[in-house]
Amino acid sequence: MSTTGPGATRADVCAVAIADAFKDDGEIFGSPMGLLPMLGARLARLTSNPDLVVSDGESLFLAGTPPLFATADVVEGWIPFRKVFDVVAYGKRHVMMGATQVDRHGNQNISAIGDFSQPKRQLLGSRGAPGNTVNNRTSYWVPKHSPRVFVERVDIVSGVGPALAKKTGPAAARFNDIHRIVSNLAVFDVQGEGDTVRLLSVHPGVTVDEVRQATGFHLDAFGDVPETRSPTAEELILIREVLDPTSLRHREVPIA
């Protein structure tokens, strides 16, 4: 049995939590957006899900699993931007996106802050979020958990949560699957009462009360909330020596 690795940081724990989000996917396209999601997906490929298909984030499917932002050593396919939409429509994809806001029902906002008719701040725009959330398994990564991110109701819906998808109709709800939300404090799903965000685990050193205080809506919990697992010794070696030897992950989740 693998033992817990020594001296794991919060960023290491987040990487493992993200890897666990991909572990049961099998042979599908893992599409992580951002540094920690990329690290977690590649860790999953080297451990719990070797069949996960990963890319360089631009146009190449990778046969190997290189370090973050390293040049691919072996390429096994080509996925230009125009072909991504075919994969989105086909559905064999798990995307992990960021979220400027996530609300109680798992809706995501990356479009703008404020009233839709006159927003206070323009963000990325909805981009691929609507198509992702009605066609593909979707998870979210939030590096700075706060009540400004976890809000009662998002200002604008970019990614569609399960309750709204069901309300919209069968076409939106059929493949809607908001799988996990991982933050720097905890792990969640959207299977609480009434398709609401539910607390699954808190990271080592974090309490349930701290997560609730940092969340802008009532938060259901899945029984007695456990601690998010720490990386094994083997996983720590992969994180520190193979995938992220320059410790880029600590720029996103700093060492306390």
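Everything discussed here concerns the structure shown above.
Residues numbered from 1 in each chain as written. Predicted model: local features only at pLDDT ≥ 70, side-chain atom pairs only at ≥ 80, totals over all residues. Heavy atoms only, no water.

1. What to know about the pairing of strand β13 (residues 196–202)
Where burial is concerned, most of β13 is hidden: 7 out of the 7 residues are buried. Between strand β12 (residues 186–192) and β13, which pair antiparallel and follow one another directly, the connecting turn spans 3 residues, one of which, G194, has a positive phi of 70°. In this sheet, strand β14 (residues 220–221) lies alongside β13 in parallel orientation, the contact comprising 2 bridges. Bridge pairing in β14 places L199 opposite A221. (Buried < 20%, exposed > 50% of the residue type's maximum accessible area, 1.4 Å probe, protein only. Helix = DSSP H or I, 4+ residues; strand = E, 2+ residues; numbered from the N terminus. Pairing = 2+ DSSP bridges.)

2. Some remarks on the pattern of salt bridges
Pairs can form between side chains of opposite charge once their charged atoms are near each other. Counting across every chain of the model gives 10 salt bridges. In this structure, the salt-bridge partner of R45 is E76, at a minimum N-O distance of 3.7 Å. Of this pair, R45 sits in helix α2 (residues 35–46) while E76 is found in strand β3 (residues 75–78), placing the two residues 31 residues apart along the sequence. Residue R45 is classed as buried on the basis of its relative accessible area of 10%. Across the pair R229 and E235 runs a salt bridge whose closest N-O atoms are separated by 2.8 Å. When its relative accessible area of 33% is taken as the criterion, R229 is described as partly exposed. Through salt bridges that share partners, D12, R240, D244 and R249 make up one connected network. (Salt bridge = Lys/Arg side-chain N within 4 Å of Asp/Glu carboxyl O.)

3. A word on the packing of helix α1 (residues 10–22) against helix α8 (residues 233–243)
Packing of α1 against α8 leaves a shortest axis separation of 11 Å and a crossing angle of 110°. Considering the angle they form, α1 stands roughly perpendicular to α8. Facing α1, whose interface residues are D12, A15 and V16, α8 presents E235, L236, I239 and R240. Taken together, the residues of the contact of α1 with α8 sort by class into 4 nonpolar, no polar and 3 charged. (Axes fitted to C-alpha atoms, helices over the stretch in contact; angles between N-to-C directions. Parallel < 35°, antiparallel > 145°, perpendicular 65-115°, else oblique. Contact = heavy atoms within 4.5 Å. Nonpolar A, V, L, I, M, F, W, Y, C, P; charged D, E, K, R; others polar.)

4. Topic: the layout of surface pockets
Put simply, the second largest pocket is a space of about 270 Å³. Considering the residues around the second largest pocket, the lining is formed by 14 residues, among which A17, D20, K23, R180 and V187 are closest to the centre. With 3 residues, the single largest contributor to the lining of the second largest pocket is α1. Looking at the lining of the second largest pocket residue by residue, the class counts come to 5 nonpolar, 3 polar and 6 charged. (1 Å grid on protein atoms, 1.4 Å probe; cavity = no way out; pocket = protein on both sides within 12 Å on 5 of 7 lines; lining within 4 Å. Points joined across faces, edges and corners; volume = space filled by probe spheres on them.)

5. Let's talk about the packing of aromatic side chains
What the rule picks out here adds up to 4 aromatic pairs. Ring geometry for F29 against F61: centres 5.2 Å apart, planes inclined by 90°, an arrangement best described as edge-to-face. One end of the pair, F29, is in strand β1 (residues 29–32); the other, F61, is in strand β2 (residues 60–62), with 32 residues separating them in the sequence. Each member of the pair, F29 as well as F61, carries the same accessibility label: buried. Look at F150 and F217: their rings are 6.5 Å apart centre to centre, the planes differ by 45°, and that puts the pair in the tilted class. In this pair, F150 is assigned in strand β10 (residues 150–151) and F217 in the loop between α7 (208–213) and β14, connecting sequence segments 67 residues apart. (Phe/Tyr/Trp six-rings, centres within 6.5 Å; stacked < 30°, edge-to-face > 60°.)

Distances and angles like these do not, on their own, reveal function.
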